[in-house]
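Listed here are the chains, written in short residue letters.
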Amino acid sequence: MIIEIDQNRLNGDIEALAAFSDAEAPAVTRVVFSEQDAKARACLKERCREAGLATREDAVGNTFARWVGTSAALPAVGTGSHVDAIPHAGKYDGVVGVLGGLEAIRALQRGGFRPERSIELVIFTSEEPTRFGIGCLGSRLMSGTLTPSAAAALQDPEGDTLEVVRKRAGFSGSLNEVRLPENYYSAWVELHIEQGPILEREGISLGLVTSIAAPASFRITIEGEGGHAGGRLMPGRRDALCAAAETILAVERIALGTGAIDTVGTVGICQVHPGAVNSIPSRVQLAVDLRDTDAARRDKVLREIEATCNEVGASRGVSIKLETINVDPPAQSSPRILAALTAACEHEGITFRTMVSRAYHDSSFIAQIAPIAMLFIPCRDGVSHRPDEYSSPEEISRGVQVLARTLASLSAGRES
Ligand code: GLV
Ligand code: MN
Ligand code: MN
């Protein structure tokens, strides 16, 4: 079968989606359940319907678009990603997996292919932690990693719960029904930009992801004592921001200290109360993101950060509280799906290498209920989560080509 990707159409779709943004181009900001998110969802559903796919949404807004196979009762083959974008992001993170997945299906349709197993495109709700503080909300619920009651109680920065916000966005069913039944997917493949520099540096077209690093995130709340920045003398101050500064540097030092390239620690949020130039900070909240391909090493780093918080608290006379948001295991790809990806690359004559994903993805959670693998395409300078994120139409097209051929082979009914 000849598979021809319509690069111009796909590129047009990516540009059209990027216009649904709360930030000025080229930046994209599309927070889950915002007006722009709703518009992007509507546009995608329309395109899925045009492709003849049967669409449905669950109670948290995960969207499923199914190309029904000739053996529709068999577990399906899934692909997809997310379209929410962190503040001031680019247009490719997640989007390439959704629109690329759709174009892969359209290309197979054009090529006259008929799948035995259904092929299902998924647009996950809130892969990004921007609004509710935890990433991969939709896939956590689909896989049963997060309980419906814990999800319902999550709050956004305005103090609105997910329960309220999702209903306001028009998703009113029960969260209990989001979890997928056993054996829902026989195989899952997600196409994504690499978000790192390796493929570009080595001049290789595609990355076959063998494992996804284990992510963890936690909140640190530091309570000190506020007061007048002029009247209060320096000795004996209990400045929460000074304690936070020591804590932030400790996260960097401890993450670097493992000596492993795969350990990464980031403090991405620092909220200072009351936030006035002439007032000693009395309270600081930090959000910390910690990842490693080796979960045991990551957990050791976590314990060391905790111990350092206790030391900083004692030496500065402030209270430091650490709350875990998520501590997830790494995900391993399925040898069977990696073999299908390898065969597709070889068939298409496209260069590839295996690699790990240091970013997390919805595939990390789908891995708990189905065999998965991921396919990476290069992105310029390895840049992501920035407005200048870029992958060329040719690079994207090569990824979609291999994705399409892989979906075709995985959808053969004899594959277990
Ligand atoms: C996903 O966006 C991640 O932060 O890895
Ligand atoms: Mn992202
Ligand atoms: Mn992503």
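Residues numbered from 1 in each chain as written. Chains lettered and ligands numbered in written order. Predicted model: local features only at pLDDT ≥ 70, side-chain atom pairs only at ≥ 80, totals over all residues. Heavy atoms only, no water.

**Quick look at the packing of helix α8 (residues 240-257) against helix α9 (residues 295-316)**
At their nearest, the axes of α8 and α9 sit 10 Å apart, and the two run at 155° to each other. As far as their axial angle goes, α9 and α8 are roughly antiparallel. Here α8 runs over α9; the crossing is right-handed. Across from C242, A243, E246, T247, A250, V251, R253 and I254 in α8, the residues of α9 making contact are V301, E304, I305, T308, C309, V312 and R316. (Axes fitted to C-alpha atoms, helices over the stretch in contact; angles between N-to-C directions. Helix = DSSP H or I, 4+ residues; strand = E, 2+ residues; numbered from the N terminus. Parallel < 35°, antiparallel > 145°, perpendicular 65-115°, else oblique. Left-handed = near helix turned anticlockwise from the far one by under 90°. Contact = heavy atoms within 4.5 Å.)

**Structural notes on the pattern of salt bridges**
Taken as a whole and judged by the stated rule, the model has 27 salt bridges. Of the charged contacts, one joins D160 and R168 as a salt bridge, the two residues approaching to 3.2 Å between their closest N and O atoms. The exposure class assigned to R168 is exposed, which follows from its relative accessible area of 55%. Note that R358 is salt-bridged to D262, the shortest N-O span being 2.3 Å. Taken as a pair, R358 in the loop between β16 (352-357) and α11 (363-366) and D262 in the loop between α8 and β11 (264-273) lie far apart in primary sequence, 96 residues in all. With a relative accessible area of 34%, R358 lands in the partly exposed category. A network of salt bridges, in which partner residues are shared, links D13, R47, E103, R106 and R110. (Salt bridge = Lys/Arg side-chain N within 4 Å of Asp/Glu carboxyl O. Buried < 20%, exposed > 50% of the residue type's maximum accessible area, 1.4 Å probe, protein only.)

**Some details on helix α1 (residues 7-18)**
Because an α-helix completes one turn every 3.6 residues, residues spaced three or four positions apart along the sequence face the same direction. Taking 1.5 Å per residue as the helical rise, α1 with its 12 residues ought to reach 16 Å, and the 17 Å between its terminal C-alpha atoms agrees with that figure. Within the sequence span of α1, burial applies to L10, D13, I14, L17 and A18. Viewed end-on, α1 has its buried residues packed into an arc of 135°, placing them on one side of the element. Those residues of α1 hidden inside the fold are in contact with β1 (28-30), α2 (35-50), α3 (95-110) and α12 (393-410). (Expected span 1.5 Å × (residues − 1). Arc of directions from axis to C-beta.)

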